[in-house]
Amino acid sequence: MISKKKNKKTILTLTPLKKGVEIRLSEKEKYVIDEGTYLNHYFYPGKELSDEEVLLLKRAGKDKKASDYLSSLLLRGRYTYHQLFEKLEKKFPSLSEKEIKSLLSPYVADGLIDDKSYAVDFASSRAEQAYGSKAILAELKKRGVNEEIRSSPEVKEAISSAPEALSLYVDSLYKRKSSIPNKKKKEMISASLLRRGFS
C-alpha cells in the first residue's frame, strides 16, 4: 500500500515589521519572529518547510510574544522576579520553567530585575505611607522577595526611614475622630495601627 505524502507547509509571504518579521503560511497561520531568528535561517516566499522548521517557527513566535509581553510589563512598572515569573507562567502556560528563566535572565543581568533594589524602594515608600515593619515584610514575602533580602540591613533601614510619617498619621486619626470619646478613640487608633503592621 502506497502511503500518502504528507502535505508540506509553504511560506506564502514575508512581511518586515517594526519589531521582527511576519511569516505567513496560510490565511489563518502566521508567525512573528525576531530579526535574529529570521537572519539565522533561510526563509523566503515559496519555501517548502520541513516539520522541524515549522516547529521552530512556532517556538520562535511564542518566544517573541512572551518576550514582548515581558518588555511591556517592565516598561509599565516594577516587579519582583517572582511576580514576573508568575505572570509569564499564567500568560504562556506552554512555556517551561527553563524557558521562562531564560527569558528573565538577561533582564536580571542588566539590573532591570533586581529584587533587593525593589524591596528597599518598596519598604521606603510604604514607610512614608505610615505602614509598619510587619505589614511591609509580609507584603514583600507575598511578592516573592526571599528571606535574605527581607532581613537585610538595607531593607531594615528603609522601613525605619520615615518615623515622622507615623506621627502624622496618628495626628490625622485623632483629628478625624475628634468627636469620639478618648477611650474609644484610642482603641480605634490602636486597631488601625495593628492593621498597618505596627506592634
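Residues numbered from 1 in each chain as written. Predicted model: local features only at pLDDT ≥ 70, side-chain atom pairs only at ≥ 80, totals over all residues. Heavy atoms only, no water.

### Some remarks on the overall build of the chain
The secondary structure content of the chain amounts to 10 helices and five strands. Whereas a compact globule of 199 residues would reach a radius of gyration of roughly 16 Å, the chain reaches 27 Å, over 25% beyond that. Across the 199 residues of the chain, 34% fall into the buried class. In the chain, the proportion of contacts linking residues at least 24 apart, taken out of those at least 6 apart, comes to 55%. Here the chain has roughly 13,300 Å² of accessible surface; of this, 53% comes from carbon and sulfur atoms. In the chain, 40 positive and 28 negative side-chain charges are present, and the distance between their average locations comes to 8 Å. (Helix = DSSP H or I, 4+ residues; strand = E, 2+ residues; numbered from the N terminus. Rg over C-alpha atoms; globule rule 2.2 N^0.38 Å. Buried < 20%, exposed > 50% of the residue type's maximum accessible area, 1.4 Å probe, protein only. Contact = heavy atoms within 4.5 Å. Areas by Shrake-Rupley, 256 points an atom, 1.4 Å probe, with all protein chains shown as cover. Lys, Arg positive; Asp, Glu negative; His and termini not counted. Charge placed at Lys NZ, Arg CZ, Asp CG, Glu CD.)

### Remarks on the packing of aromatic side chains
Within this structure, the stated rule accounts for three aromatic pairs. Ring geometry for tyrosine 42 and tyrosine 44: centres 4.9 Å apart, planes at 55°, overall tilted. Ring centres of tyrosine 118 and phenylalanine 122 lie 6.1 Å apart, and the angle between their planes is 10°; this geometry places the pair in the stacked category. Pair noted here: tyrosine 118 and phenylalanine 122 are both in helix H5 (residues 115–128), with a separation of four residues, about one helical turn. Above the face of the tyrosine 131 ring, arginine 126 is positioned so that its terminal group lies 5.3 Å from the ring centre. Directly above the ring of tyrosine 131 sits arginine 196, whose terminal nitrogen or CZ lies 4.3 Å from the centroid. (Phe/Tyr/Trp six-rings, centres within 6.5 Å; stacked < 30°, edge-to-face > 60°. Lys NZ or Arg CZ within 6 Å of the ring centre and 35° of its normal.)

### Points about the packing of helix H2 (residues 51–76) against helix H3 (residues 81–91)
It is at 11 Å that the axes of H2 and H3 come closest, and there the two elements cross at 140°. By the angle between their axes, H2 is oblique relative to H3. At the point where H2 passes H3, the crossing takes the right-handed sense. Across the interface between the two elements, Ala66, Tyr69, Leu70, Leu73 and Leu74 of H2 pack against Leu84, Lys87, Leu88 and Lys91 of H3. Looking at the contact of H2 with H3 residue by residue, the classes come out as seven nonpolar, no polar and two charged. (Axes fitted to C-alpha atoms, helices over the stretch in contact; angles between N-to-C directions. Parallel < 35°, antiparallel > 145°, perpendicular 65-115°, else oblique. Left-handed = near helix turned anticlockwise from the far one by under 90°. Nonpolar A, V, L, I, M, F, W, Y, C, P; charged D, E, K, R; others polar.)

### Quick look at unusual backbone geometry
One can expect most non-glycine residues to show negative phi and most peptide bonds to be in trans. Although it is not a glycine, alanine 130 adopts a positive phi angle of roughly 65°. Turning to its location among the elements, alanine 130 is positioned in the loop between H5 and helix H6 (133–142). When its relative accessible area of 3% is taken as the criterion, alanine 130 is described as buried.

### Quick look at the nonpolar core
Counting 21 residues, the largest nonpolar core has Ala119, Ala123, Ile136, Leu140, Val155 and Leu193 as the members making the most contacts within it. Going through the elements one at a time, H5, H6, helix H8 (153–159), helix H9 (163–176) and helix H10 (182–195) are the ones with two or more residues in this core. At five residues, H5 tops the list of elements feeding residues into this core. Not counting residues up to four positions away in its chain, the partners in contact with alanine 123 are Ile136, Val155, Ala158 and Ile159. Residues Leu74, Phe92, Ile100 and Leu103 belong to the second largest nonpolar core, which totals 15 residues. (Core = buried A, V, L, I, M, F, W, Y, C linked by side-chain atoms within 4.5 Å.)

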